[in-house]
Amino acid sequence: MKLKTKVSLILIFLVIAVCSLFAACKIGGESWEEIVGDAKDQRITYYACGGKFKNSAGVKEIYYPAGVPIMTDFDAADQSVTQTDFIFQGWYYVKLDNDGNPVWEDEEKGIPVLTDREVTSGLKLEKGDHVYVGAKWTKDYKIRYKLYAGSPDDADKGATKITVGEKTYNVGDEFANGAFGRNLAISLNYNRPPVTADDATLLEYYVLENGEYVPCSRVQKPEVYDEENPYVDVYCKFVEGVWTMVRDARGFYDMYGSMASGNYYIAADNIDCSQNSALRPKRNAINCKIQGNGRTVLNQKVEVSSLGNGDEYSLFGIIGKDAEIKDITFTGFTFNVSGIGSGRTVHIYLFSHGIEEGAKLENVALTDSTLSIERISKNNATIQNIQKNPDDSYNTDSWIFAEGDYSGVTCDRVTLVIEKETVVVQ
């Protein structure tokens, strides 16, 4: 707010305070009229027209010195005028009768008839003016959030009920609501959903279009208000349990760095990680649960250097006994290894270098991905599971997996490159 406007507002409220506190009193031999000067001769009567000012009053009178811009932005002065389920449109002149008094729409409720003339900001009263204005309102469209379980054919099986605090909501129930306010559209936020369920996690938003549920991330306010249906319905699909939704490349980056935890992850979309920084491959066990729901993660770079003697690395490390990875495809991954220490022996696998009893791998695919290893001969290093044969070929029996049951994983068009030469594609 400009300094001049601030000074004007301070002066206005000082005048109101003085008028309220010292009406009909004298201070030091001067009356309040003498203190406030000519401000007593000009005023505006503001009618909230069904709404209320911050002090809960429905009408407010403000005295102005002649020539001082009047106030139309009560929000800026922390004196907001509001009405539940309505949007404030501005201040409009009140219709007056022949005697200069307001014409009433509902006198008992203090609602005058408004003209079509809007009060312009910067209006200045002339000496002796008394102007009547009223708040103009339009009804607000409400947003209703309803529980949706999805269709029977969906890979993502939606929860048929959710619990929020002490309340349980079933499919079709409205569990939260909101409003557009002055916004023409509302973005649907996954990080701050309308509610946080105790036993489920928001997966997707939908709207109903031509009889079909269509995923959406933004809803528009209808242009014409419908008195019979003043709502926009948003249908929310939740999945049972408390999961972390992986929706983008940053989400995958964070998930990969926390796979040793017992966290639960759901791939909520296909994710292109080509803009991510390189990740460090796994050395130890992962214990998380990943539900892919048929999604694909693409083009992630993974790199490691400065390997020590006895080190073991792979894209997904040791699949721990509590780990579960289901229904997901990893494609276009590049795993680059360099800097194996001189004379050191290491183990390097593309997908995993161990799996514990109890781990679950179901419908997992690794495609069009490459393991590239450099500086082996130069450093006289040994990769225990990819040893060089006397004929200078390499033993490639176990470069993708270590021993164990990996029957739930399919690898297709994966490539081993050693010292910049392609050794095998399978």
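What you see is a predicted model; the values in this text were computed from it and never measured.

Structural notes on the sheet that holds strand 15 (residues 200–209)
Here's step 1: Strand order in the open sheet formed by 5 strands is 13-10-18-15-16, and the pairing between neighbours is mixed. A strand with exactly one partner marks an edge of an open sheet, and here the two such strands are strand 13 (174–179) and strand 16 (212–215). Pairs of neighbouring strands in the sheet enclose a mean axial angle of 35°, with direction left out of account.
Here's step 2: Sheet analysis places strand 15 next to strand 18 (residues 231–240), joined by 6 bridges and oriented antiparallel. Looking at the pairing, Leu 202 lines up with Phe 238 of strand 18.

Observations concerning empty space enclosed by the protein
Here's step 1: What the rule picks out here adds up to 1 cavity of 30 Å³ or more.
Here's step 2: By volume, the largest cavity amounts to about 40 Å³.
Here's step 3: Val 246, Phe 252, Met 255, Ile 266, Ala 267, Ile 290, Val 297, Ile 328 and Phe 330 are the residues that line the largest cavity.
Here's step 4: Going through the elements one at a time, helix 3 (249–257), strand 20 (264–267), strand 23 (289–298) and strand 27 (324–331) are the ones with two or more residues in the lining of the largest cavity.
Here's step 5: A per-class count over the lining of the largest cavity returns 9 nonpolar, no polar and no charged.

Notes on helix 3
Here's step 1: By the burial criterion, the buried members of helix 3 are Ala 249, Gly 251, Phe 252, Met 255 and Tyr 256. The arc enclosing the buried residues of helix 3, seen along the axis, measures out at 155°, which places them on a common side. In this structure, helix 3 carries Arg 250 and Gly 257 as exposed residues pointing more than 90 degrees from its buried face.
Here's step 2: Elements that come into contact with the buried residues of helix 3 comprise strand 19 (244–246), strand 20, strand 21 (271–272), strand 23, strand 24 (301–304) and strand 27.

Calculation criteria
Residues numbered from 1 in each chain as written. Predicted model: local features only at pLDDT ≥ 70, side-chain atom pairs only at ≥ 80, totals over all residues. Heavy atoms only, no water. Pairing = 2+ DSSP bridges. Helix = DSSP H or I, 4+ residues; strand = E, 2+ residues; numbered from the N terminus. Axes fitted to C-alpha atoms, helices over the stretch in contact; angles between N-to-C directions. 1 Å grid on protein atoms, 1.4 Å probe; cavity = no way out; pocket = protein on both sides within 12 Å on 5 of 7 lines; lining within 4 Å. Points joined across faces, edges and corners; volume = space filled by probe spheres on them. Nonpolar A, V, L, I, M, F, W, Y, C, P; charged D, E, K, R; others polar. Buried < 20%, exposed > 50% of the residue type's maximum accessible area, 1.4 Å probe, protein only. Arc of directions from axis to C-beta. Contact = heavy atoms within 4.5 Å.

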